[in-house]
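What follows is the residue order along each chain.
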Amino acid sequence: MNVGIIVFPGTWSDRDCKFALSSFKKVQSFYIWHKDSIPKNIDAIILPGGFSHGDHLRAGAIAQFSPVMKDVAKFNNKGRPIIGICNGFQILCESGILPGALIRNRNLKFNCSFVNLKSNKSQIFTSLIPKNKILKIPISHGEGNYQADDNTLDTLLENNQIAFQYCTESGLINNESNPNGSINNIAGIVNKNGNVLGMMPHPERSCSIDLGSEDGNLIFKSMISSI
């Protein structure tokens, strides 16, 4: 299985993603520069975290116009797996591949800390997460406040598109466990077809117990098993 990791000017999580994927023996990963095309042998795509184009205008606002995004759209149309992590989530929203928008954290401060996540087990990116398991995965963002209008939120709920929600260690979803002000404590969503995941927490930063958690591997492993 071949995974393409797209690199924009200002991306910094590309090497972290490659390291996380290296623990899966049947997976090879390749960097794809934002001005290049996606090779035909790529089975899945990751848009990593970082500050693409310095986050000028808005996070992801310039990256959406990178040449590779036309290929990402085609990749999506074929129903192939795509994960956008943090800045990658922002880019997917800016490009219209995922609904909603990521705005400044409600306290207007950058937040780098571990959070707890409750997952929706019925999706391909969460299928191997044990029932009732609360994931421990770090965030690292200043614009992670997910917002959507009422119609979009209703659609996300009706179509079971909410992949992750911020919660307490015991799984309680409340305001205290929400690190950025996201509506409905949303930490990640999928598109209607379920093949595109956008999430603000960094699973690649929780791929080893040495990092404080290896829960992120469950997300990558679920994606890999679906291909």
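See above for the structure.
How each quantity is defined
- Residues numbered from 1 in each chain as written.
- Predicted model: local features only at pLDDT ≥ 70, side-chain atom pairs only at ≥ 80, totals over all residues.
- Heavy atoms only, no water.
- Helix = DSSP H or I, 4+ residues; strand = E, 2+ residues; numbered from the N terminus.
- Rg over C-alpha atoms; globule rule 2.2 N^0.38 Å.
- Buried < 20%, exposed > 50% of the residue type's maximum accessible area, 1.4 Å probe, protein only.
- Contact = heavy atoms within 4.5 Å.
- Areas by Shrake-Rupley, 256 points an atom, 1.4 Å probe, with all protein chains shown as cover.
- Lys, Arg positive; Asp, Glu negative; His and termini not counted.
- Charge placed at Lys NZ, Arg CZ, Asp CG, Glu CD.
- Pairing = 2+ DSSP bridges.
- Axes fitted to C-alpha atoms, helices over the stretch in contact; angles between N-to-C directions.
- Core = buried A, V, L, I, M, F, W, Y, C linked by side-chain atoms within 4.5 Å.
- Polar contact = N/O pair within 3.5 Å; in protein donor to acceptor, adjacent residues only side chain to side chain.
- Patch = residues over 30% accessible without salt bridge, like charges linked within 9 Å, V, L, I, M, F, W, Y side chains within 5 Å.
- Salt bridge = Lys/Arg side-chain N within 4 Å of Asp/Glu carboxyl O.

(A) Layout of the overall build of the chain. Counting its regular elements, the chain contains five helices and 11 strands. The globule rule puts the C-alpha radius of gyration for 227 residues at 17 Å, and the 16 Å found for the chain is close to it. For the C-alpha atoms alone, the extent of the chain along its principal axes is close to 45 × 40 × 35 Å. Counting only residues that meet the buried cut, the chain has 57% of its 227 residues in that class. Here the contacts in the chain between residues at least 6 apart in sequence split such that 77% fall between residues at least 24 apart. Of the roughly 10200 Å² that the chain leaves accessible, carbon and sulfur atoms contribute 50%. Separation between the mean location of the 22 positive side-chain charges and that of the 18 negative ones in the chain comes to 6 Å.

(B) Structural detail: the sheet that holds strand S3 (residues 44-47). Judged by pairing direction, the sheet is mixed, and its nine strands sit side by side in the order S2-S1-S3-S4-S11-S10-S9-S6-S7 without closing on themselves. Of all strands in the sheet, those bounded by a partner on one side alone are strand S2 (28-33) and strand S7 (135-141). The mean angle between the axes of side-by-side strands here comes to 25°, regardless of whether they run parallel or antiparallel. For strand S1 (residues 2-7) and S2, the ladder comprises six bridges, and the chain directions are parallel. Directly across from Val3, in S2, lies its bridge partner Ser29.

(C) Main features of the nonpolar core. Counting residues in hydrophobic clusters, the biggest one holds 62 residues, and the most contacted among them are Tyr146, Phe164 and Ile219. Top element by residues in this core is helix H5 (residues 216-226). It accounts for five residues.

(D) Representation of H5 within the structure. The buried fraction of H5 is high, at eight of 11 residues. Three or more residues of H5 are buried, namely Gly216, Asn217, Leu218, Ile219, Phe220, Ser222, Met223 and Ile224. Elements that come into contact with the buried residues of H5 comprise helix H1 (14-21), S3, strand S4 (82-85), S7, strand S9 (162-167) and strand S11 (196-199).

(E) Region of interest: the side chain of Ser66. Looking at the secondary structure, you find Ser66 in the loop between S3 and helix H2 (68-77). You can call Ser66 buried: its relative accessible area is 6%. A polar side-chain atom of Ser66 sits 2.9 Å from a polar atom in the side chain of His34. Among residues more than four places away in sequence, those in contact with Ser66 are Phe8, His34 and His53.

(F) Summary view of helix H3 (residues 87-94). With seven of eight residues buried, H3 is to be regarded as a mostly interior element. Listed as buried for H3 are Asn87, Gly88, Phe89, Gln90, Ile91, Leu92 and Cys93. Downstream of H3 by a residue or two, Gly96 has a phi angle that is positive, lying close to 85°.

(G) Examining a negative patch on the surface more closely. On the surface, a cluster of negative charge is made up of Asp149, Asp150, Asp154 and Glu158. Checked against the element boundaries, Asp154 lands in helix H4 (residues 150-158). Given a relative accessible area of 38%, Asp154 falls into the partly exposed group.

(H) The arrangement of the pattern of salt bridges in detail. For the structure on display, the rule yields two salt bridges. The shortest N-O distance in the salt bridge between Arg58 and Glu94 comes to 2.8 Å. Of this pair, Arg58 sits in the loop between S3 and H2 while Glu94 sits in helix H3, and the two are 36 residues apart along the sequence. Judged by its relative accessible area of 43%, Arg58 falls in the partly exposed class. Glu94 sits in the partly exposed class, given a relative accessible area of 21%. Between Asp215 and Lys133 there is a salt bridge, with the nearest N and O atoms lying 3.4 Å from each other. Of this pair, Asp215 sits in the loop between S11 and H5 while Lys133 sits in the loop between strand S6 (111-119) and S7, placing them 82 residues apart in sequence. Since its relative accessible area comes to 12%, Asp215 is described here as buried. A relative accessible area of 30% places Lys133 in the partly exposed class.

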